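Structural description and commentary
Here is what each chain is made of, one letter per residue.
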Amino acid sequence: MRPLTTSAFDLPDRLHAKADPKLIADDERHFAAIAHRLEQLSADLSQRLDAARKAPAGKGRRAVDRDQEVRRLTVRLRALRRFGLDLCLGRMLPDPSAADRAGAGGDSAGDDVGPVYVGRQGLTDDTGRQLLLDWRSPAAAPFFGATHGNPMGLASRRRYRWTMGRISDYWDEVFAADALDGHAALDDQSAFIASLGGHRSDRMRDVLATIAADQDAIIRAGSAGALVVDGGPGTGKTVVALHRTAYLRYHDPRLGQRRGGVLFVGPHRPYLAYVADVLPHLGEDDVQTCTLADLVAKGATATVEPDPEVARIKASARWEAAVEAAVRFYEEPPSTATTVATGWTELTLTPDDWADAFAAPGPGVPHNEAREQIMAELLTILVGRYEGDEPDDRVRAALEQNQALRTALHRAWPLLDAADIVADLWSVPAYLRRCAPWLDPVEIRLLQRTDARAWTVADLPLLDAARLRLGDARASERERRHRAEVAVERVHRARVIDDLLDAHSYDDGEGVLAMLYHQDLRETLIDETGGPDADPDALAGPFAHIVVDEAQELTDAQWQMLLRRCPSRSFTIVGDRAQARHGFTESWPDRLRRVGLERVEVATLTVNYRTPAEIMAYAEPVIRAALPDANVPTSIRHSGIPVAHRPVADLRPMLETWLAEHADGTACVIGVAPVDADALPATPRVRSSTPELAKGLEFDLVVVVDPASFGDGVTGAVDRYVAMTRATGRLVVLT
């Protein structure tokens with residue numbers, strides 16, 4: 001076997017401990033075997049594909065078989081070349097003691113105690129030795145499903161981060177207690193458990209069992225209905241939700257990409273960068289991730305609603321009914337008869353004819369896409385009324401091109417734009433009063449604005465509802481163009497087939513020529529599905545399952561954006577009521593049932609194993625002053641570092657000192673507004689943020705600038721609490 005010319009590992013200097021040969025030598029040897037086998041298979045497939053392409057095409061079925069073989073080999077070669085060594089997702093190491101207990105028929109990851117490598121595809125060498133276990137096989141289930149509560153026979157699990165075809169980082173999740181000590185590559189939770197090793201009191205063992213059991217139950221809970229993962233800072237609720245996403249994608253066939261797949265919704269872009277980094281490590285690289293603003297084209301430029309009262313009014317779920325009424329306003333059939341002139345006669349459409357045509361589109365057909373169905377029904381009515389000698393298809397074709405008929409349809413059922421519909425609500429009081437009759441005169445005046453298209457975040461649910469209700473304005477034109485192309489194709493194919501039959505010269509002896517006499521075969525040769533498609537909107541749904549983090553911030557109207565994309569109502573909902581900036585007085589079930597989720601279960605995480613107890617002791621009174629019943633988790637980590645207080649002038653020198661003393665780690669300066677970059681050291685390890693944009697993130701050092709300026713009431717208290725609890729090592733408060 002030829003060795004790899006370079007190492008599969010390309011670890012940065014800061015991870016030099018992970019480059020220890022004791023940790024990666026087995027991987028290096030195994031990756032060399034994988035590379036050798038991939039090279040063999042690629043060469044073999046390339047030779048076979050080249051030979052198949054050069055083979056005589058033959059006639060009839062022989063030609064069909066040859067083309068199918070070329071396609072099959074091309075697909076296999078493309079799949080093989082899509083990945084190199086990064087075909088491998090990770091490895092799992094069976095626990096010998098668990099294997100002994102399980103026996104030959106038990107739930108064990110392998111028959112020996114060597115590592116088992118899991119890949120996006122299965123792979124064996126030329127002797128039949130398994131190099132990669134297909135991730136979809138039952139034997140690979142522990143790689144995705146093992147937890148500290150249920151290791152599924154594993155001692156450890158390793159996941160790789162691939163960058164440009166080489167490993168830039170990796171993590172070991174260790175499940176066996178005797179494998180924790182002296183390990184340089186532990187993931188966060190395993191490292192935390194290892195750090196407790198020397199002083200595991202009875203209470204600590206109980207805490208660890210609680211963490212494992214609670215997280216395991218959440219990860220393995222079924223996908224039916226909505227599961228709320230409720231937990232305060234440092235409880236690991238987001239990581240649990242990500243593990244749950246990977247687990248469900250593997251174990252629940254209803255969540256496959258062909259059935260809608262999974263959507264992960266986060267609060268802001270910095271958070272999504274974190275999620276996008278974690279999910280591939282769990283074997284999931286096809287989960288869609290977005291913020292709520294990404295669901296709407298106008299979301300990229302939408303600003304915060306400046307008037308809190310306007311934001312409150314627009315937060316209602318009732319705006320979906322208002323959008324429906326706004327569209328229905330443009331779906332009124334004519335109340336007088338319409339005369340349509342052709343080259344042969346004049347035909348009349350009565351108001352009842354128009355009403356029948358308007359009722360033709362099936363349930364759920366968007367407004368703009370229903371026009372062609374209405375037009376088809378009008379044509380059927382008119383052709384049925386024609387009593388002349390012209391063939392029906394000719395009459396129908398002429399009527400379809402009739403400009404007067406199309407103009408009448410456009411007046412009665414115009415093509416609409418979502419932005420126009422919503423902008424009219426904010427600029428035409430009578431239209432708003434008609435569409436939202438529950439509003440009082442004061443609210444109607446309040447919602448009117450000079451620039452109706454100055455979109456705010458509060459407008460996005462209405463724009464989304466309008467866009468989905470209206471559909472694609474170009475669908476009708478594409479459908480018409482496609483029908484014309486199919487008609488031309490049908491005439492062309494018929495001419496070619498007739499020429500073949502007349503020539504009597506193409507006969508392969510297997511009956512293919514004779515089959516062309518049958519109309520059924522002729523019809524199958526016409527591709528009526530290959531017309532021009534609209535650019536797909538990957539976020540339009542429907543999705544089989546949606547994961548939404550920081551869900552306590554969603555308004556009722558924003559929930560409708562997600563419900564529209566998940567008909568199954570299958571959700572994983574992650575949040576903390578105590579971190580809701582505008583208050584959250586209801587229970588989770590009450591809030592979710594109000595917005596349309598009937599089946600709701602709540603799982604609560606109460607142990608904070610990331611934030612030091614010193615920081616939580618400082619932050620807890622801040623949130624309890626505004627929310628006495630806040631679910632503040634119990635912190636079990638003690639750093640021995642008290643919360644520091646410094647003057648604002650010390651910001652830069654304090655950060656420079658911290659950077660000099662810590663070779664790794666990140667710091668975040670959190671204030672009402674982001675701190676000027678010139679006031680910070682020029683390094684990517686230090687960033688500036690607001691409390692709202694820091695939500696869901698964690699930093700080794702957090703510097704909170706003038707927390708009193710964050711404001712009064714619930715919003716100010718929540719912002720201070722969120723900012724302080726982003727710290728996993730040290731908190732400094734500047735005043």
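In this report, the structure presented in the accompanying data block is examined. (Residues numbered from 1 in each chain as written. Predicted model: local features only at pLDDT ≥ 70, side-chain atom pairs only at ≥ 80, totals over all residues. Heavy atoms only, no water.)

Topic: the sheet that holds strand β14 (residues 600-605)
The six strands lie next to each other as β9-β8-β12-β13-β7-β14, forming an open sheet whose pairing is parallel. In this open sheet, the two strands that pair with only one neighbour each are β9 (288-291) and β14. For this sheet the average axis-to-axis angle between neighbouring strands, irrespective of direction, equals 15 degrees. Relative to strand β12 (residues 545-548), strand β8 (residues 262-266) runs parallel, the two sharing four bridges. Among the inter-strand pairings, Val262 is bridged to a residue of β12, identified as His545. Taken strand by strand, helix α7 (residues 237-251) contacts β7 (226-231), β8, β12, β13 (571-575) and β14, and its axis lies near 170 degrees from that of β13. Sitting on the sheet, helix α22 (residues 556-563) is in contact with β8, β12 and β13, with an inclination near 145 degrees to β13. (Pairing = 2+ DSSP bridges. Helix = DSSP H or I, 4+ residues; strand = E, 2+ residues; numbered from the N terminus. Axes fitted to C-alpha atoms, helices over the stretch in contact; angles between N-to-C directions. Contact = heavy atoms within 4.5 Å.)

Focus: the packing of helix α12 (residues 367-385) against helix α14 (residues 403-412)
Working note: a packed helix pair is described by the angle between its axes plus the distance between those axes. Between α12 and α14, the least distance of the axes is 11 Å, while the angle of their chain directions is 130 degrees. Looking at the two axes, α12 sits oblique to α14. The element α12 and its partner α14 pack so that their crossing is right-handed. Counted together, Arg371, Glu372, Ile374, Met375, Leu378, Leu379 and Leu382 of α12 and Leu405, Arg406, Leu409 and His410 of α14 form the full contact between these two elements. Along the lines of polarity and charge, the residues of the contact of α12 with α14 split into seven nonpolar, one polar and three charged. (Parallel < 35°, antiparallel > 145°, perpendicular 65-115°, else oblique. Left-handed = near helix turned anticlockwise from the far one by under 90°. Nonpolar A, V, L, I, M, F, W, Y, C, P; charged D, E, K, R; others polar.)

Here we look at the packing of aromatic side chains
Using the criterion set out here, one finds 17 aromatic pairs in the structure. A ring pair is formed by Phe31 and Tyr160, whose centres lie 5.5 Å apart and whose planes are at 65 degrees; its orientation type is edge-to-face. A residue pair is termed long-range when its members are at least 10 positions apart, and Phe31 in helix α1 (residues 21-54) and Tyr160 in strand β5 (residues 154-163) qualify at 129 residues. Given the relative accessible area of 0%, Phe31 is considered buried. Arranged with centres 6.5 Å apart and planes meeting at 25 degrees, the rings of Phe264 and Tyr271 form a pair that is stacked. On the basis of relative accessible area, Phe264 is assigned to the buried category, the value being 0%. The rings of Phe9, Phe31, Tyr117, Tyr160, Trp162 and Tyr170 are connected pair by pair, giving a single aromatic cluster. (Phe/Tyr/Trp six-rings, centres within 6.5 Å; stacked < 30°, edge-to-face > 60°. Buried < 20%, exposed > 50% of the residue type's maximum accessible area, 1.4 Å probe, protein only.)

Looking at the packing of helix α18 (residues 460-470) against α22
Packing of α18 against α22 leaves a shortest axis separation of 9 Å and a crossing angle of 35 degrees. The crossing of α18 and α22 is left-handed. Packed against α18, whose contacting residues are Leu460, Pro461 and Asp464, the element α22 presents Ala557, Gln558 and Met561 at the interface. Looking at the contact of α18 with α22, its residues break down into four nonpolar, one polar and one charged.

Details of unusual backbone geometry
Leaving glycine out, the prevailing phi sign among residues is negative, and the prevailing peptide bond configuration is trans. The amide bond that connects Gly541 to the next residue, Pro542, takes the cis arrangement and shows omega of 5 degrees. Tracing the sequence through the fold places Pro542 in the loop between α21 (519-524) and β12. Even without glycine at this site, Asp706 takes up a positive phi of about 45 degrees. Among the secondary structure elements, Asp706 is positioned in the loop between β20 (699-705) and α27 (713-724).

Points about the sheet that holds strand β21 (residues 727-734)
As summarised here, the arrangement of the five strands in space is β17-β21-β20-β18-β19, forming an open sheet in which the pairing is parallel. The strands lining the two open edges of the sheet, one partner per strand, are β17 (644-646) and β19 (686-689). Neighbour-to-neighbour, the strand axes of this sheet turn through a mean angle of 25 degrees, independent of strand direction. For β20 and β21, the ladder comprises six bridges, and the chain directions are parallel. From the neighbouring strand, Val704 faces β21, where its bridge partner is Val733. In the packing of α27 onto the sheet, the strands contacted are β18 (667-670), β20 and β21, and the crossing angle to β20 comes to about 145 degrees.

Considerations on the pairing of β18
Of the two faces of β18, both are covered, the one formed by Ala667 and Val669 as well as the one formed by Cys668 and Ile670. Here β18 runs beside β19; their pairing, made up of four bridges, is parallel. Its bridge partner lying in β19, Ala667 is registered against Val686. Sheet topology places β18 next to β20; four bridges connect them, and they run parallel. Bridging across to β20, Val669 finds its partner in Val703.

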